[in-house]
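So the chains spell out like this:
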Amino acid sequence: MHRRFYLKLLLVSSIALLAFALLAAYKEINPEWKHYQNNYKELFMKNAKDEAMKEKAKAFKVEVQQLYIEKLNRADRCVSCHIGVENPMMAKAEAPYKKHSGDYLGKHPLSRFGCTACHQGQGRATNKEEAHALEHDTHWEYPIVPLKHIQSSCAQCHDYAMLEKNGADKVVRGRKLFLEKGCLGCHKVDGAGGILGKALDGIGTQPRAYFPMRYIQGERTQSAWHKEHFLDPRAIVPESEMKASINDEEADFLATYILALKSTEMPREYRRIRQTETPDMSGEALYKKYCIGCHTTGRESYFDEIFNRTIPSIMNPALLKSADNQYLKKIVSEGREGTQMTSWKPTAAGLTEQEIDMIVEYISKDRPAAKPEPFDVAKFRADVKRGGELFNIRCALCHGKKGEGELGINLKNPVVQSADPEFLAVTVRDGRAGTPMPPFGKDGVGLKEQEIADIVSYVKTLSQKKL
Amino acid sequence: MNNNACCAHKDPHKKEPEGVSRRDFLGLAGIGVAIAASFTAIAGIFRMTKATVHYEESRKFKIGMPAEFPVGTIKKLDDKKVFVFADTEGLYAISCICTHLGCIVSPTEWGFQCPCHGSKYNKDGKVIGGPAPRPLPWLEVSLHEDGNLVVDAAKEVKKGTKFTV
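Residue indices follow the written sequence of each chain, beginning from 1 at its first position. Ligands are numbered from 1 and chains lettered from A, in the order in which they are written. Given that the model is predicted, a residue must reach a pLDDT of at least 70 before its local features are reported, and side-chain atom pairs must reach 80 or more before they are shown or counted; all residues, however, enter totals for whole chains, interfaces and linings. The side-chain quantities take in all heavy atoms of the structure and omit both hydrogens and water.

### Observations regarding empty space enclosed by the protein
Okay, step 1: Cavities and pockets were defined on a 1 Å grid built over protein atoms only: a cavity is a set of grid points that admits a 1.4 Å probe from which the probe cannot escape, a pocket is an open set flanked by protein on both sides within 12 Å along at least five of seven lines, and lining residues are those with an atom within 4 Å of any such point. Grid points are joined across faces, edges and corners, and a volume is the space filled by probe spheres set on the points. Tallying each qualifying case throughout the model produces one cavity of 30 Å³ or more.
Okay, step 2: As a volume, the largest cavity reaches approximately 120 Å³.
Okay, step 3: Residue classes in the lining of the largest cavity are distributed as six nonpolar, six polar and one charged. Residues are grouped as follows: Ala, Val, Leu, Ile, Met, Phe, Trp, Tyr, Cys and Pro are nonpolar; Asp, Glu, Lys and Arg are charged; all remaining types, including Gly, are polar.

Right, here's the structure in full:
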C-alpha cells in the first residue's frame with residue numbers, strides 16, 4: 001500500500017545516516033592534531049642537525065599525545081598540537097610547534113606538571129576550539145588563561161616574596177593594588193573584610209557561568225570579565241555599588257591577582273611557600289586595606305552618588321578635637337547601622353581588637369592638642385519639644401526629617417544615639433570644619449546654648465521614631 | 001492505487017526485459033544504502049572499543065642530562081622502579097621489579113637480591129638463585145631532543161645493550 005513511501009523513507013534516512021557516518025569517519029581519520037603533527041615532523045626533519053636527530057625525526061609517530069599526571073588528576077592532550085614544546089630545535093618555529101618560552105619546563109617538567117595546572121583550559125580536548133574554550137558557546141567552564149594573566153598560576157605554589165624576586169611583577173603588583181586600594185573594605189578574603197561586596201575566596205576558580213557576561217565587550221571569559229568590571233563596574237553589573245578608579249594597566253594586574261585567589265590547592269609536594277610573610281600591621285597599611293576605598297585620604301568629606309550619602313572625613317582635625325579614641329574605636333567596631341559603614345569588630349568584619357586600635361591610632365595621629373571649650377550640657381534643663389521644632393528648622397534639611405541622613409550623617413544610628421551628649425553639643429556648637437556641618441553656636445548660626453541643649457536632647461530621641 | 005498511477009500503463013506481472021523497474025530500483029537502493037550505513041556505523045562502534053590513550057602515566061620518562069651520569073654511577077630511581085648504570089661502555093637501565101612476584105630488588109656486591117622470596121640475580125640481571133623465572137629486563141635508553149636521557153620502561157632491549165651519547 002504505502003510500500004513506495006516507506007522505501008523512499010528508508011532510502012532518505014539511510015543516505016542521511018551514511019552521510020553522518022562518513023563525516024564522523026573523516027573527522028576521525030583527519031583530526032586537527034594530525035595536521036599539526038605532520039607539519040611538525042616535516043619541520044623536525046628540516047631542523048635536525050645531525051644524523052641521530054634525523055633518525056629521531058623519522059621515527060616520530062603521529063598519534064594522540066597525552067600527559068597523564070595522576071597526582072594532579074590531569075590528562076593533558078595539549079601536546080598533541082603543541083608538539084614541539086620540549087624540542088629546542090623548535091625555538092624559532094611558530095605556534096603551535098614552538099618550544100615553550102623561557103626555562104619554565106626545566107623547573108616544571110611536563111611529566112610532573114602537565115599543561116593545564118598553569119594554563120588551565122580543557123586538557124582533555126583534542127581540538128583548539130574546545131581546548132582553549134575561549135568562545136562562550138563552547139560552554140566549557142575554564143577557558144585557557146591569557147598569557148598576560150598567567151602569573152596568577154605561579155601563586156598557586158610560590159609565595160609573593162619569591163615571585164617578586166623572580167620577576168612575577170604582574171601578580172605582585174596586582175596584590176599590592178588589592179591591598180592598597182581598599183578592596184577589603186567591602187570584600188572578605190580569609191575571613192577579614194567588609195560585607196558590602198561578595199567574599200572573594202576562591203573567585204579565581206569560579207566557573208564561567210558564575211559571571212554575568214551580558215554586557216562584556218571582549219571575550220566572554222573570567223579574566224576579561226574581571227578586567228572590564230574593574231574598569232567600569234556598573235557597565236557590567238548595573239546595580240553594582242563597587243568603587244574602582246584604576247587605569248587599564250592596573251586592571252590587568254588586579255585581574256591577575258584575582259585569578260590567583262583559588263579555592264583549590266596544589267598537592268603539598270608541589271607547593272613552595274617558603275617564607276610566611278608577616279602581614280604589615282601598621283595603621284597606615286590597615287587603613288589602606290580596609291578604609292581607603294570609601295574614605296579616600298580621610299581629609300575631605302564628599303557626597304557619594306552611588307551610596308547617596310556623604311562620606312565623612314574621618315581625619316578631620318575638627319572631629320578629632322572633640323571625639324576621643326574610645327569614641328572612634330566604638331564607631332569602627334560597631335559601624336554605622338543604616339549606612340554602608342561596616343562593623344569591623346572580630347565577630348563582624350573580622351578585624352582583631354589590635355588591628356582596630358592601630359587603625360584608630362592612625363586616624364587620630366593629627367589630633368590637635370587643644371581640647372574644645374567644654375559645653376557642660378548637664379547644667380541645662382533641656383526641652384525636647386522645643387528641640388524638635390528647632391531640629392526641623394535647622395537640621396532636617398541635611399540630616400532628614402527623622403534624622404535618617406542624606407547630605408548629613410544618619411543620626412539614628414546606635415553610635416550617635418549612644419554618644420555622650422556633651423560630644424553632640426560641642427559638635428552642634430562648633431560645627432565640623434572641612435565638612436558641610438556649620439557651627440550653630442555663637443561663632444556661626446548664633447543659636448543660644450539652651451537651644452543647642454534642646455536640640456541634643458531631641459536628637460537622642462530619634463532612635464525611637466520610625467522611618 | 002494512487003501511487004501506482006504513474007506506472008499504470010505497465011503490466012505489473014510482466015517481466016521487464018531491460019534493467020530494473022523504478023520501484024525495484026528504489027527498493028534495492030534503499031536496502032543497499034541502509035546496509036552500507038549500518039556497516040559504517042558498526043565500524044564506528046568497533047573503533048570505540050580500542051582506546052587511543054589510557055589514563056595512566058607514561059612509562060617513558062626523562063632521567064636527566066648525560067653529564068649527571070659519569071662512569072661508575074649506580075642510580076636507583078625509586079618512583080620509576082629502575083636502576084641506571086654508567087660504565088666505560090655506556091649507559092644502561094635495568095628494571096628493579098623482581099620477575100617472580102614483583103617485589104623491588106636491592107643491589108648487592110654480586111648483583112641483585114629480592115627481599116621477598118630470595119631470588120638472586122647477577123650484575124647483568126641473570127637469575128642465579130631463587131624462584132625468579134626470568135632475568136631482570138634491560139630497558140631502552142635513548143636521547144630526548146632537549147638533551148635529556150630517556151628510559152622507556154615499556155621497551156625491553158637485549159642484555160648488554162649499552163647507550164653511548
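Still more ground to cover, so stick around.
### Considering the sheet that holds strand β7 (residues 120–122) of chain B
All names here are of chain B.
Okay, step 1: Taken in spatial order, the four strands of this open sheet run β5-β6-β7-β8, and their pairing is antiparallel. Since the sheet does not close on itself, it has two edges, and those belong to β5 (106–107) and β8 (127–129), each with one partner.
Okay, step 2: Whether two strands pair depends on DSSP finding at least two bridges between them. Numbered from the N terminus, helices here are DSSP runs of H or I no shorter than four residues, and strands are runs of E no shorter than two. Note: strand β6 (residues 111–113) against β7, three bridges, orientation antiparallel. Opposite G111, over in β7, you have N122 as the bridge partner.

### Details of the interface of chain A and chain B
Okay, step 1: Whether two residues are in contact is decided by their heavy atoms, any of which lying within 4.5 Å being enough. At the junction of the two partners, chain A supplies 32 residues and chain B supplies 27 residues.
Okay, step 2: Summed over both partners, the accessible surface that disappears when two parts come together, traced with a 1.4 Å probe, is what is meant by buried area. Of the roughly 2,500 Å² buried between chain A and chain B, counting both surfaces, carbon and sulfur atoms make up 65%.
Okay, step 3: On the chain A side of the interface with chain B, the three residues burying the most area are A:R4, A:Y68 and A:E86, jointly 24% of the side's total.
Okay, step 4: We define a salt bridge as a side-chain nitrogen of Lys or Arg found within 4 Å of a carboxyl oxygen belonging to Asp or Glu. The tally of links between chain A and chain B comes to two salt bridges.

### Topic: the packing of aromatic side chains
Okay, step 1: Here is the rule: rings of Phe, Tyr and Trp (six-membered ring for Trp) pair when centre to centre is within 6.5 Å. Planes less than 30 degrees apart are stacked, more than 60 are edge-to-face, and the remainder are tilted. Under the defined criterion, the tally for this structure stands at 20 aromatic pairs over all chains.
Okay, step 2: In textbook terms, an aromatic cluster arises when at least three aromatic residues are bridged by ring pairs, as seen for B:F83, B:F85, B:Y92, B:F112 and B:W138.
Okay, step 3: We call a charge positioned over a ring when the NZ of a Lys or the CZ of an Arg lies within 6 Å of the ring centre and within 35 degrees of the ring normal. The residue whose ring lies beneath A:K365 is A:Y362, and the NZ or CZ to ring-centre distance is 4.3 Å.

### Examining the pattern of salt bridges
All names here are of chain A.
Okay, step 1: Scanning the entire structure with this criterion turns up 23 salt bridges over all chains.
Okay, step 2: A salt bridge links K176 to E180, with the nearest nitrogen and oxygen atoms 3.4 Å apart. With K176 and E180 both in helix α10 (residues 169–180) and four residues apart, the pair spans about one turn of that helix.
Okay, step 3: Judged by relative accessible area, K176 falls into the partly exposed class, the value being 47%.
Okay, step 4: Within the structure, one salt-bridge network assembled from shared partners comprises K148, K227, D248 and D252. For every residue, the accessible area (1.4 Å probe, protein chains only) is compared with the maximum for its type, and the residue is labelled buried under 20%, exposed over 50%, or partly exposed between those bounds.

### With respect to a nonpolar patch on the surface
Okay, step 1: Nonpolar side chains collect at one region of the surface, where A:L10, B:I31, B:I35 and B:F39 lie side by side and expose about 380 Å² of accessible area between them.
Okay, step 2: Broken down by element, the nonpolar patch gets its largest block of residues, three residues, from helix α1 (residues 22–48) of chain B.
Okay, step 3: Relative to the elements of secondary structure, B:I35 occurs in helix α1. Two joining distances apply to patches: 9 Å for like charges and 5 Å for nonpolar side chains (Val, Leu, Ile, Met, Phe, Trp, Tyr), and every residue must have over 30% relative accessible area and no salt bridge. The Shrake-Rupley method, run with a 1.4 Å probe sphere, supplies the accessible areas, and residue values consider only the shown protein chains as cover.

### Observations regarding the domain arrangement of chain B
Okay, step 1: Domain limits in this description derive from either an automatic procedure or a database domain assignment. Here the domain parsing of chain B yields domain 1 (19–55) and domain 2 (60–157).
Okay, step 2: Computed from C-alpha coordinates alone, the two centres of domain 1 of chain B and domain 2 of chain B are separated by 51 Å.

### As for the packing of helix α14 (residues 283–290) of chain A against helix α18 (residues 353–363) of chain A
Residue and element names in this part refer to chain A.
Okay, step 1: The contact between α14 and α18 brings their axes to 8 Å, and the two run at 100 degrees. By the angle class used here, α14 and α18 are roughly perpendicular. Two secondary-structure elements touch here, α14 through G283, E284, L286, Y287 and Y290 and α18 through E355, M358, I359, Y362 and I363.
Okay, step 2: Its residues assigned to classes, the contact of α14 with α18 comprises seven nonpolar, one polar and two charged. Note on method: axes are straight lines fitted to C-alpha atoms, helices fitted across the in-contact stretch only, with angles between N-to-C directions ranging 0 to 180 degrees. With respect to orientation, any angle under 35 degrees is reported as roughly parallel, any angle over 145 as roughly antiparallel, any angle of 65 to 115 as roughly perpendicular, and every other angle as oblique.

### Overview of the pairing of strand β3 (residues 82–87) of chain B
Residue and element names in this part refer to chain B.
Okay, step 1: Within β3, five of the six residues are buried, which leaves it mostly tucked inside the rest of the structure.
Okay, step 2: With four bridges connecting them, strand β2 (residues 74–77) and β3 associate as antiparallel partners. Note that in β3 the partner of K75 across the bridge is V84.
Okay, step 3: Where β3 lies against strand β4 (residues 90–95), six bridges are found, and the strand directions are antiparallel. Residue F85 lies in a different strand from β4, and its bridge partner there is Y92.
Okay, step 4: Adjacent in sequence and paired antiparallel, β3 and β4 are bridged by two residues.

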